[in-house]
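Chain residues, written in single-letter form:
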Amino acid sequence: MGGAVGDALGWPVEFRRLDEIKKRYGEQGIETLVLNETGMAEITDDTQMTLFTAEGLLRASTRSNLKGICHIPTVVYHAYIRWLHTQSIKCKGREEIIENLDGWVSKIKALYARRAPGSSCLSALSSGEMGTIEEPINNSKGCGGVMRVAPVGLMFSKKHAFKTGCELAAITHGHPGGYLPAGVHACIISCLIEGMELEDAVISAMQELAAYPRNRECLDLLNKAVELAKDNNPPENALWQLGEGWVGEEAIAIAVYCSLVYKNDFRKAVCLAVNHNGDSDSTGAITGNILGAYLGIEGIPAEWREHVELKDEIITLANDLLIGFEDSDNWWNKYPGW
Ligand SMILES: [Mg+2]
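Keep in mind that this is a model prediction, so the values were computed, not measured. (Residues numbered from 1 in each chain as written. Predicted model: local features only at pLDDT ≥ 70, side-chain atom pairs only at ≥ 80, totals over all residues. Heavy atoms only, no water.)

Visitor: Just to check I follow, could you spell out the overall build of the protein for this structure?
Guide: The secondary structure content of the protein amounts to 18 helices and zero strands. Taken against the 2.2 N^0.38 rule, which gives 20 Å for 338 residues, the C-alpha radius of gyration of the protein at 18 Å falls within 12% of a compact globule. Seen through its principal axes, the protein has C-alpha atoms that stretch 55 × 50 × 35 Å. Counting all 338 residues of the protein, 56% fall into the buried class. Surface exposure of the protein reaches about 13700 Å², of which carbon and sulfur atoms provide 51%. Across the protein, the 31 positively charged side chains and the 45 negatively charged ones have centroids separated by 3 Å. (Helix = DSSP H or I, 4+ residues; strand = E, 2+ residues; numbered from the N terminus. Rg over C-alpha atoms; globule rule 2.2 N^0.38 Å. Buried < 20%, exposed > 50% of the residue type's maximum accessible area, 1.4 Å probe, protein only. Areas by Shrake-Rupley, 256 points an atom, 1.4 Å probe, with all protein chains shown as cover. Lys, Arg positive; Asp, Glu negative; His and termini not counted. Charge placed at Lys NZ, Arg CZ, Asp CG, Glu CD.)

This is how it looks when you write it as structure tokens:
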């Protein structure tokens, strides 16, 4: 829910530079959700793909309970093929996945809206090949991997969350800067859900990252984010030092910085995370995921929760991730095990 709100806040300014944002929304930039003609704040590909990550994890959970064994990335890959279908794109050689669209998530009509989906995700998924860390599908380090993995942290403990976050991002992003930040994101969420303080969760995720190969760029930028957050610099002046968030490590570093600086104020943190030259909806979404997990649902302004698109579906999926698996007809229909 936090991620969806941050995503929706950033969407109107995703492709605008800061001076344009200020010209349009005032000196403080955009400070509240923009509602469409139906009175809802639109979510984008970041939240749409996050919901399919959740669906894939839940179907993997059903499969584990059915078969006793399950390769999680493959089941989530199939969920991403269903996401690709919502964007009206076919996946070469995988037609059988969408011929029989079961489960409830692919039937949510609003998910079929196209909100500037990332090119790496579209091209990797339409290729019919599934990327892995060992066999990279491309050399992309865009933020399309890191922005979609928050549900991993709601399901797994920190080590497992880090590894799974990386694996799910590597389906579409083959460069370490594309998948390692996803491990960090999932790991932070997992630590927070277990009750860790925010600073400790960040450090813990960085310790996990340190054990992975080719971590230098991501680790350096996260260190910089943590150091900047300890300074008393005006945040707007510090933020640009972390980049613009179009690539994975910049996106996670910006989100970590904004979360640390305003850790008890969801509103201020996500406003900081979207008012810059870069990829506002993704940095808003990741910041919202982190602080949503840290502060809980009550920490997210009620009027924002009320107006975010697909709010009921988001809550249902989050609750189901907490349950994990239920041996009932309803569950099997919602999350078939393949
Ligand atoms: Mg987006």
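The rest of the description comes next.
Visitor: Please explain the coordination of the magnesium ion as it appears in this structure.
Guide: Any two of four tetrahedral donors ideally make an angle of 109.5 degrees at the metal, while pairs among six octahedral donors ideally make 90 or 180 degrees. In the first shell of the magnesium ion, the protein supplies Thr44 (OG1), Asp45 (OD), Asp46 (OD) and Asp281 (OD), at 2.0 to 2.5 Å from the metal. Site description for the magnesium ion: donor spacing in sequence, T-D-D-x234-D. Within this pair, whereas threonine 44 is found in the loop between helix H2 (18–25) and helix H3 (45–67), its partner aspartate 281 is found in helix H15 (residues 280–295), the two being separated by 237 residues in sequence. The buried category is assigned to threonine 44, whose relative accessible area is 0%. Residue classification places aspartate 281 among the buried positions, given a relative accessible area of 0%. (Donors = N, O, S within 2.8 Å, 3.2 Å for Na, K, Ca; no water.)

Visitor: Honestly, the nonpolar core in this entry has me stumped. Any pointers?
Guide: Generally speaking, soluble globular proteins have nonpolar side chains that are buried together. In terms of nonpolar packing, the biggest core is built from 105 residues, with Leu125, Ile188 and Tyr257 touching the most fellow members. Here the element with the most residues in this core is helix H9 (residues 176–193); it accounts for 10 residues. (Core = buried A, V, L, I, M, F, W, Y, C linked by side-chain atoms within 4.5 Å.)

Visitor: What am I meant to see in helix H11 (residues 216–230) here?
Guide: Working note: α-helix, 3.6 residues per turn, so residues spaced by three or four point in the same direction. When the terminal C-alpha atoms of H11 are compared, their 21 Å separation across 15 residues agrees well with the 21 Å that a helix rising 1.5 Å per residue should span. Every buried residue belonging to H11 is among Cys218, Leu219, Leu221, Leu222, Ala225, Val226 and Leu228, and all of these are buried. Residues of H11 that are buried sit in contact with H9, helix H10 (198–210), helix H12 (235–239) and helix H13 (248–261). (Expected span 1.5 Å × (residues − 1). Contact = heavy atoms within 4.5 Å.)

Visitor: Sorry if this is basic, but what is going on with the pattern of salt bridges here?
Guide: Counted according to the given criterion, the structure contains 19 salt bridges. One connected set of salt bridges, linked through shared partners, spans Glu55, Arg59, Arg82 and Asp102. (Salt bridge = Lys/Arg side-chain N within 4 Å of Asp/Glu carboxyl O.)

Visitor: Quick question: what am I supposed to make of the state of the cysteines here?
Guide: Two cysteines, two sulfur atoms, one covalent bond between them: this is a disulfide. Applying the stated criterion to the full structure yields zero disulfides. Just so you know, cysteine 70 is unpaired, no disulfide at all, and the nearest cysteine sulfur is the one on cysteine 166, 18 Å from it. Considering cysteine sulfurs only, cysteine 121 is the nearest to cysteine 91, which forms no disulfide, with 13 Å between them. (Disulfide = S-S within 2.5 Å.)

Visitor: Could you clarify how one ought to interpret unusual backbone geometry in this entry?
Guide: Generally, phi is negative for residues other than glycine and the peptide bonds are trans, each holding for most cases. Look at alanine 116: it is not a glycine, yet its phi comes out positive at around 55 degrees. The topology assignment puts alanine 116 in the loop between helix H5 (95–99) and helix H6 (119–126). Judged by its relative accessible area of 32%, alanine 116 is partly exposed. A positive phi is found at leucine 310, a non-glycine position, where the angle reads about 65 degrees. Position of leucine 310 relative to the elements: it lies in the loop between helix H16 (302–307) and helix H17 (311–323). Judged by its relative accessible area of 9%, leucine 310 is buried.

Visitor: Would you explain the side chain of asparagine 215 in this entry?
Guide: Tracing the sequence through the fold places asparagine 215 in the loop between H10 and H11. Setting aside chain neighbours within four positions, we find asparagine 215 in contact with Leu180, Leu209 and Ala210.

Visitor: Looking at this structure, I do not really get the packing of aromatic side chains. What am I missing?
Guide: Where two aromatic rings form a pair, the distance of their centres and the angle of their planes describe that pair. The tally for this structure, following the rule as stated, stands at five aromatic pairs. Here phenylalanine 162 and tyrosine 212 contribute two aromatic rings whose centre-to-centre distance is 4.8 Å and whose plane-to-plane angle is 35 degrees, an arrangement assigned as tilted. Taken together, the residues span a long stretch of sequence, with phenylalanine 162 in helix H8 (residues 158–170) and tyrosine 212 in the loop between H10 and H11 at a distance of 50 residues. Taking the relative accessible area as the measure of exposure, tyrosine 212 reaches 22% and is therefore partly exposed. (Phe/Tyr/Trp six-rings, centres within 6.5 Å; stacked < 30°, edge-to-face > 60°.)

Visitor: Sorry, what's going on with the side chain of serine 204 here?
Guide: As for its position among the elements, serine 204 is in helix H10. Taking relative accessible area as the criterion, serine 204 reaches 4% and is therefore assigned buried. Residue contacts for serine 204: discarding those within four places in its chain leaves Lys158, Cys191 and Met196.

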